[in-house]
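# Report on the structure
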Amino acid sequence: MKALRFVNGQLQLAEIPRPDTTEAVIQVTYAGICATDAAIVRGYTSFSGTLGHEFVGVVAAAPDAAWIGRRVVGDINVTCGTCEACQSGNEHHCEQRTVIGIRQRDGACAEYLALPLRNLYAVPDAVSDLDAVFAEPLAAACRILEQISWRPGQPVAVLGDGKLGQLIAQVLHAHGLAVTLIGRHARKLAIAAKAGIATCHADELQSATRRFEVVVEASGRATGFADALRLVRPRGTVVLKSTSETPWMLPPAAVVVPEVTLVGSRCGDIPTALALLAARRVNPQPLIEAVYDLDDGQRAFEHATTPGVLKVLLRCHPPESTP
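All values reported here derive from a predicted model rather than from experimental measurement.

Bringing unusual backbone geometry into the picture now. The backbone of asparagine 8 shows a phi angle near 55°, a positive value even though the residue is not glycine. When you line up the elements, asparagine 8 lands in the loop between strand E1 (2-7) and strand E2 (10-15). Asparagine 8 sits in the exposed class, given a relative accessible area of 73%. Even without being a glycine, arginine 280 presents a positive backbone phi close to 60°. In this fold, arginine 280 is placed in the loop between helix H9 (270-278) and strand E17 (288-293). When its relative accessible area of 60% is taken as the criterion, arginine 280 is described as exposed.

In structure tokens form, the structure reads like this:
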């Protein structure tokens, strides 16, 4: 089978064996290219193998035949199930976990992907493939509401008008929070504005302070943390979504004196994301810039990593194909 792989520091389309496993084998329909994939290619981790962790596909083989032929998305974290973290309900923090396309497990930018059945979630009929491919990053956006105290009408800023920032803004807006998406690209801000979300160019808030009860940092910029602390109110909350490759440097007093709560936020609940998509409370498709066939994976990756570009997808199998 074909797969877009990062091996020995090189991104390449390669022929590798189809997964031969007792796990479920998914024929990938679409895979998304995200900022984490780009960071891996720049050396963010020591990962080597097939990239990609955002996907939708059809089960081609499974230990339970009832799953065969079903459209699915999946939790990207494959956990041991027996460690202290798993036993306490913190599976996403399993020290033995593998993560598709990120940590010791081949990813979804391929014709086929292997995952345990427990990681799979059936896609509702009301959710299209082009919506479902966003389930994983949308779940990460939903995770914020599980971690903070919130109420409808609460003033919240989202820093960053990229793919994740846009999804976060849509999720918070759908739950009635007073969201302002802060970014640097008029075209991207216009997408959020069309969805009914308030927007602001970052330059307009350069001298602003203490505006928001909650600030979500999703810009990926080296200055993002400092900007978030400048904009959050005393005793407010800063949610950190970016994993910037540049260390954040600032005096501890910027957190201690205003008594700011810092919340790290990562993966979320896939069923919650699917429910939002099925109810059409979130619409990710305006974020799609282009769709490439897997054969053009390297060109797709170049496009996806061009500054200012939103979501680029790989079409790994035509949606009408069957396993």
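Let us now look at the environment of alanine 114. Looking at the secondary structure, you find alanine 114 in strand E9 (residues 112-115). Along the chain, alanine 114 and threonine 22 lie 92 residues apart, while their C-alpha atoms are 8.9 Å from each other.

Below, the discussion takes up the sheet that holds E2. Strands sit in the order E2-E1-E4 across an open sheet of 3 strands; the sheet is antiparallel. The two strands at the open ends of the sheet, each matched to only one other strand, are E2 and strand E4 (49-50). One ladder, built from 6 bridges, connects E1 with E2; its direction is antiparallel. Following the sheet pairing, arginine 5 is matched in E2 by glutamine 12. Here helix H10 (residues 297-304) sits on the sheet and contacts E1 and E2; the angle it forms with E2, its principal contact strand, is near 150°.

To continue, consider the packing of helix H4 (residues 135-147) against H9. With their axes 8 Å apart at the nearest point, H4 and H9 run at an angle of 105° to one another. Compared by their axis directions, H4 and H9 come out roughly perpendicular. Only Ile270, Thr272, Ala273, Leu274, Leu276 and Leu277 of H9 make contact with H4, whose side of the interface consists of Ala135, Glu136, Leu138, Ala139 and Cys142. Split by residue class, the contact of H4 with H9 holds 9 nonpolar, 1 polar and 1 charged.

Moving on, we get to the side chain of aspartate 131. With respect to the secondary-structure elements, aspartate 131 resides in helix H3 (residues 129-132). Once you skip the residues sitting within four places of it in the chain, aspartate 131 turns out to touch Leu277, Asn283, Pro284 and Gln285.

This paragraph deals with the sheet that holds strand E14 (residues 212-217). As summarised here, the arrangement of the 6 strands in space is E13-E12-E11-E14-E15-E16, forming an open sheet in which the pairing is parallel. Taken across any chain shown, the strands that pair with only one partner, and hence form the sheet edges, are strand E13 (198-201) and strand E16 (261-264). Here the average twist between neighbouring strands, direction ignored, is 20°. Judged from the 5 bridges that link them, E14 and strand E15 (residues 232-240) form a sheet pairing that is parallel. Paired with valine 216 across the strands is valine 239, a residue of E15. Across the sheet, helix H5 (residues 163-174) is in contact with strand E11 (155-159), strand E12 (178-183) and E14; its angle to E12 comes to roughly 170°. Its contacts with the sheet put helix H6 (residues 186-194) on E12 and E13, and the angle it makes with E13 is roughly 165°.

In this section: the pairing of E12. Counted residue by residue, E12 has 5 buried out of 6 residues, so it is predominantly covered. Crossover handedness for the path E11 to H5 to E12: right-handed. Sheet topology note: the E12/E13 ladder contains 4 bridges and is parallel. Directly across from leucine 181, in E13, lies its bridge partner threonine 199.

The final tally for this structure, using the stated rule, is 1 aromatic pair. A ring pair is formed by phenylalanine 225 and tryptophan 248, whose centres lie 4.9 Å apart and whose planes are at 45°; its orientation type is tilted. Note that phenylalanine 225 is positioned in helix H7 (residues 224-231) and tryptophan 248 in the loop between E15 and helix H8 (253-256), a separation of 23 residues in sequence. By relative accessible area, phenylalanine 225 is classed as buried at 8%. For the cation-ring pair, arginine 18 lies above tyrosine 112, with the distance from its terminal atom to the ring centre recorded as 4.2 Å.

This part covers the pattern of salt bridges. For the structure on display, the rule yields 14 salt bridges. A salt bridge links lysine 311 to glutamate 54, with the nearest nitrogen and oxygen atoms 2.7 Å apart. Taken together, the positions of lysine 311 in strand E18 (residues 311-315) and glutamate 54 in strand E5 (residues 54-61) put the pair 257 residues apart, joining distant regions of the chain. Glutamate 54 shares its class with lysine 311; the two are buried. Here arginine 71 ties to aspartate 129 by a salt bridge, and the two come within 2.8 Å at their closest N and O atoms. Of the two residues, arginine 71 sits in strand E6 (residues 71-74) while aspartate 129 sits in helix H3, which places them 58 residues apart along the sequence. Residue classification places arginine 71 among the partly exposed residues on the basis of a relative accessible area of 22%. Through salt bridges with shared partners, a single ionic network connects Arg151, Glu213 and Arg233.

What counts, and at which threshold
- Residues numbered from 1 in each chain as written.
- Predicted model: local features only at pLDDT ≥ 70, side-chain atom pairs only at ≥ 80, totals over all residues.
- Heavy atoms only, no water.
- Helix = DSSP H or I, 4+ residues; strand = E, 2+ residues; numbered from the N terminus.
- Buried < 20%, exposed > 50% of the residue type's maximum accessible area, 1.4 Å probe, protein only.
- Pairing = 2+ DSSP bridges.
- Contact = heavy atoms within 4.5 Å.
- Axes fitted to C-alpha atoms, helices over the stretch in contact; angles between N-to-C directions.
- Parallel < 35°, antiparallel > 145°, perpendicular 65-115°, else oblique.
- Nonpolar A, V, L, I, M, F, W, Y, C, P; charged D, E, K, R; others polar.
- Right-handed = clockwise from strand over helix to strand, strands pointing away.
- Phe/Tyr/Trp six-rings, centres within 6.5 Å; stacked < 30°, edge-to-face > 60°.
- Lys NZ or Arg CZ within 6 Å of the ring centre and 35° of its normal.
- Salt bridge = Lys/Arg side-chain N within 4 Å of Asp/Glu carboxyl O.

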